[in-house]
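These are the residues of each chain, in order.
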Amino acid sequence: MDFFHLQPAEWQALLLTLKVAAAALLVALPLAVLVAYLLARYRFPGHGIVNALVHMPLVLPPVVTGYLLLLAFGRKGPAGAFLFDTFGISFAFNWAGAALAAGVMAFPLMVRPIRISFEAVDPKLEAAARSLGAHRMVAFLTVTLPLAVPGILGGAILGFAKAMGEFGATITFVSNIPGETRTLALALYTATQTPSGDLAAFRLTLIAAAVAFVALIASEIFARRLRGRLGGGHD
Amino acid sequence: MIDVDIRGRVGRFDLAARFEGHGVTALFGQSGAGKSTLTNMIAGLVTPSSGRISVDGTILFDADKGIDLPVQARRIGHVFQDARLFPHLSVRANLTYARWAGRRSGTRDFGEVVDLLGLTALLSRKPETLSGGERQRVAIGRALLSGPRLLIMDEPLANLDHARRNDILPYLDRLCVEAAIPILYVSHSIEEVTRLSNTLVLLSQGKTLAFGTVADMLAREDLVRVTGRREASALVSGTVTRIDSDWDLTHVDIGGAVLQIPGMAAEPGAPVRLRILARDVALATVPPQGLSIRNALAATIESIAGETGPYAEILCNLGGQRIRARVTRASVSDLGLQPGRSVTALIKSVAIDRGQDTPAPPV
């Protein structure tokens, strides 16, 4: 066996991990931007409750979050039953469920930096944009959103990293099914539970480390280019 | 023409404003008088509780008819005190923002505005690399290029030091003369106000006390109360009649009487507006002799104000125009000064307010 040649099971876990994390990011990021903007700009009734709910997965034991997801989105759960009956969508024991768990766990980590960067954008700039004829939405898209991009990027990186490594909520909610929900973290856990699985565990550790390293370098290059384009005033 | 008659409340601050203005209207008042609240209501950023606002016949707000145009539909170019340029966009993209984001097709030509404000060299730069004065010029250009029906300038010079202020004032002079739209110029500097505007609105503690032509308003006692005695002054308009190059003096006819003003750049025949501070005017009951002051003109006392304190404000009529004199109450008593009495006004110095005068429209 060539040490540097990935085995099918490893490939499977790696690709699945990337797929789950990407799907989680794709769905959760726009939602995180919306929630962060609302929390940053508006004081509405229930502001504190929304804020607490968003941050719940951060403070709850991941197993609890996973179990709550199972109760709500399992086949017999109210949300799960509704989605399956209405749209034929199921989160039970499949990769979409893994993505849902990863997205929920990553959500507070995304909202926080995005909210902070929205709060740093002077709302008076939006008033200026509107005095120049821009509607609220256009003012948001052309002024506030671009100025908050560094924070959104930070939130996305943090969220993606969390989604890649999510373990507790995933294994509780959608179990540990090879090819369906067994991401790198779960595969590593499985290897450590197997007698003579040390080498496999070590290989998976190397793979996870390599992916994280490449992602960090890529985001750093991206952030540097972005700063150049924004004029350098937004560290 | 801008026509405002509104009432409103922001937090605990009550505002009641009523005025109309032509050309350049100055909104004058001390800090906390409610200037920004009033401009925010006119711009649509704050909603008044009652009244109406119209510009050149277009109703922007009318509580009775239920009209309240949103900010982006009011077409008001707003130049903010803090410029508020978009930091992530170049100067060019800031200037054209109203076209690409606001879907406004301005009536003004891009090149013309860039020339007017001297922005050519700045176009590709980012706002953070600009000086305070340059930022304000870009902000003014951006507002002009949004095709506004009214331009609000909210203390555009307040955050600038003296040198920057002097850099930008000539641009404002040109703008106020050339802009084909009404301008509302907010300021707490009487110097800027008299230099730039036609109509003056006096705002104090959330209420408009009075409005009228700048010359009329400067003659009012209640303005002095707001500006403070040191700034009490009068505006006089006249025509350059002669340049005396031997002595470097410019002769200005102010309606019968001629003032001699040192070293002024103007052509004979040019209309000028002059600002004369009350503290630079002394009065004599008989024409004095052997005096170094060149401007000693016959005048009639119109009124005397100031019953307390050491000084009295004396309003004098000088061939139909009014000037103010600030003398001690003791002198008023000793010289027997009273309304109707003929005196000689001794004018120590004259400030040139602006080279070209726009015809003052009727108010």
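Residues numbered from 1 in each chain as written. Chains lettered and ligands numbered in written order. Predicted model: local features only at pLDDT ≥ 70, side-chain atom pairs only at ≥ 80, totals over all residues.

1. Remarks on the interface of chain B and chain A
Interface extent is often summarised as the accessible area lost during association of the parts. Rules: The contact rule is simple: place each C-beta atom from the backbone, and if two of them lie within 7 Å, those residues are in contact. Counting from the N terminus, the helices are DSSP H or I runs at least four residues long and the strands are E runs at least two residues long. Charged residues are taken to be Asp, Glu, Lys and Arg, nonpolar residues to be Ala, Val, Leu, Ile, Met, Phe, Trp, Tyr, Cys and Pro, and polar residues to be all remaining types, Gly included.
Facing the 21 residues of chain B at the interface are 19 residues of chain A. The set of elements that each furnish at least two residues to the side of chain B that touches chain A consists of α2 (71-74), β7 (76-79) and α4 (97-100) of chain B. By residue class, the composition of the side of chain B that touches chain A is 10 nonpolar, 5 polar and 6 charged.

2. Section: helix α7 (residues 136-147) of chain A
All names here are of chain A. We count it as follows: Helices are assigned an expected span. That span is 1.5 Å times one less than the residue count. Every C-beta atom is placed from the backbone, and the number of other C-beta atoms within 10 Å of a residue's own sets its class: buried at 20 or more, exposed at 12 or fewer, partly exposed in between.
With 12 residues, α7 should cover 16 Å at 1.5 Å per step; its first-to-last C-alpha distance of 16 Å lies within 8% of that length. Along α7, the residues that are buried comprise Ala139, Thr142, Val143, Thr144, Pro146 and Leu147. Contact partners of the buried residues in α7: α5 (95-120), α6 (123-131) and α8 (149-165).

3. Quick notes on unusual backbone geometry
Residues and elements named next belong to chain B. We note that Arg84 has phi near 55 degrees; this positive angle belongs to a residue other than glycine. On the basis of neighbour counts, which here come to 23 C-beta atoms within 10 Å, the residue Arg84 falls in the buried class. The backbone phi angle of Arg103 is positive, close to 55 degrees, even though this residue is not glycine. Considering the arrangement of structural elements, one finds Arg103 in the loop between α4 and α5 (110-116). A residue is classified by how many C-beta atoms lie within 10 Å of it, and Arg103, with 12 of them, is exposed.

4. So, the pairing of strand β8 (residues 150-154) of chain B
All names here are of chain B. Where we set the bar: Here, any two strands with at least 2 DSSP bridges between them count as paired.
Extensive coverage of β8 is indicated by the burial of 5 of its 5 residues. Side chains Leu150, Ile152 and Asp154 project from β8 onto one buried face, and the interleaved Leu151 and Met153 project onto a second face that is buried too. In the sheet, β7 pairs with β8 via 4 bridges, with the strands oriented parallel. The partner of Val79 across the bridge, within β8, is Met153. For β8 and strand β9 (residues 183-187), the ladder comprises 4 bridges, and the chain directions are parallel.

5. Focus: the pairing of strand β20 (residues 342-347) of chain B
Residues and elements named next belong to chain B. The two faces of β20 differ: Val343, Ala345 and Ile347 on one face are buried, but Ser342, Thr344 and Leu346 on the other face are not. Here strand β17 (residues 295-305) pairs with β20 via 6 bridges, running antiparallel. Of the residues in β20, the one forming a bridge with Ala296 is Leu346.

6. Re the sheet that holds β17 of chain B
Residues and elements named next belong to chain B. Counted only if it meets this: An axis is simply a line fitted to the C-alpha atoms; with a helix, the fit covers only the stretch in contact. Between two such axes, the angle follows the N-to-C directions and lies from 0 to 180 degrees.
Ordered in space as β16-β20-β17-β18-β19, the 5 strands form an open sheet in which the pairing is antiparallel. A single partner strand is all that each edge strand has here, and the edge strands are β16 (281-284) and β19 (321-328). On average, each strand axis in the sheet is tilted by 45 degrees relative to the strand beside it, whichever way the strands run.

7. Considering the environment of His5 of chain A
All names here are of chain A. Take His5: it is sitting in the segment before α1 (8-41). Residue His5 is classed as exposed on the basis of its 7 C-beta neighbours within 10 Å. Sequence separation between His5 and Glu220 is 215 residues; the distance between their C-alpha atoms is 28 Å.

8. A word on helix α3 (residues 62-73) of chain A
All names here are of chain A. The condition is simple: This arc corresponds to the set of directions leading from the helix axis out to the C-beta atoms.
Spanning 12 residues, α3 covers 16 Å between terminal C-alpha atoms, matching the ideal 16 Å at 1.5 Å per step. Among the residues making up α3, those that are buried are Pro62, Thr65, Gly66, Leu69, Leu70 and Phe73. When α3 is viewed along its axis, its buried side chains cluster within an angular range of 140 degrees and face the same direction. Contacts from the buried residues of α3 go to α2 (47-59), α4 (78-87), α5 and α9 (168-174).

9. Some words on the domain arrangement of chain B
Residues and elements named next belong to chain B. Here is the rule: For the domains described, the bounds stem from an automatic or database domain assignment.
The assigned domain composition of chain B is domain 1 (2-227) and domain 2 (233-351). Between domain 1 and domain 2, the C-alpha centre-to-centre distance is 33 Å. Taken together, the contact between domain 1 and domain 2 spans 7 residues of the former and 8 residues of the latter. Of all the elements, helix α9 (residues 214-218) adds the most residues to the side of domain 1 that touches domain 2, at 3 residues.

10. So, the packing of α6 of chain A against α7 of chain A
All names here are of chain A. Just so we agree on the cut-off: Comment on the angle field: the value is read as roughly parallel under 35 degrees, roughly antiparallel over 145, roughly perpendicular from 65 to 115, and oblique elsewhere. Left-handed is the label given to a crossing in which the near helix is rotated counterclockwise from the far helix by less than a right angle, and right-handed is the label when the rotation is clockwise.
Relative orientation of the contacting elements α6 and α7 amounts to 125 degrees, with a least axis distance of 9 Å. In terms of orientation, α6 lies oblique with respect to α7. Two packed elements cross with a definite hand, and for α6 against α7 that hand is right-handed. For the pair formed by α6 and α7, the contact residues are Leu125, Glu126, Ala129 and Arg130 on the first element and Arg136, Ala139, Thr142, Val143 and Thr144 on the second. The residue makeup of the contact of α6 with α7, split by class, is 4 nonpolar, 2 polar and 3 charged.

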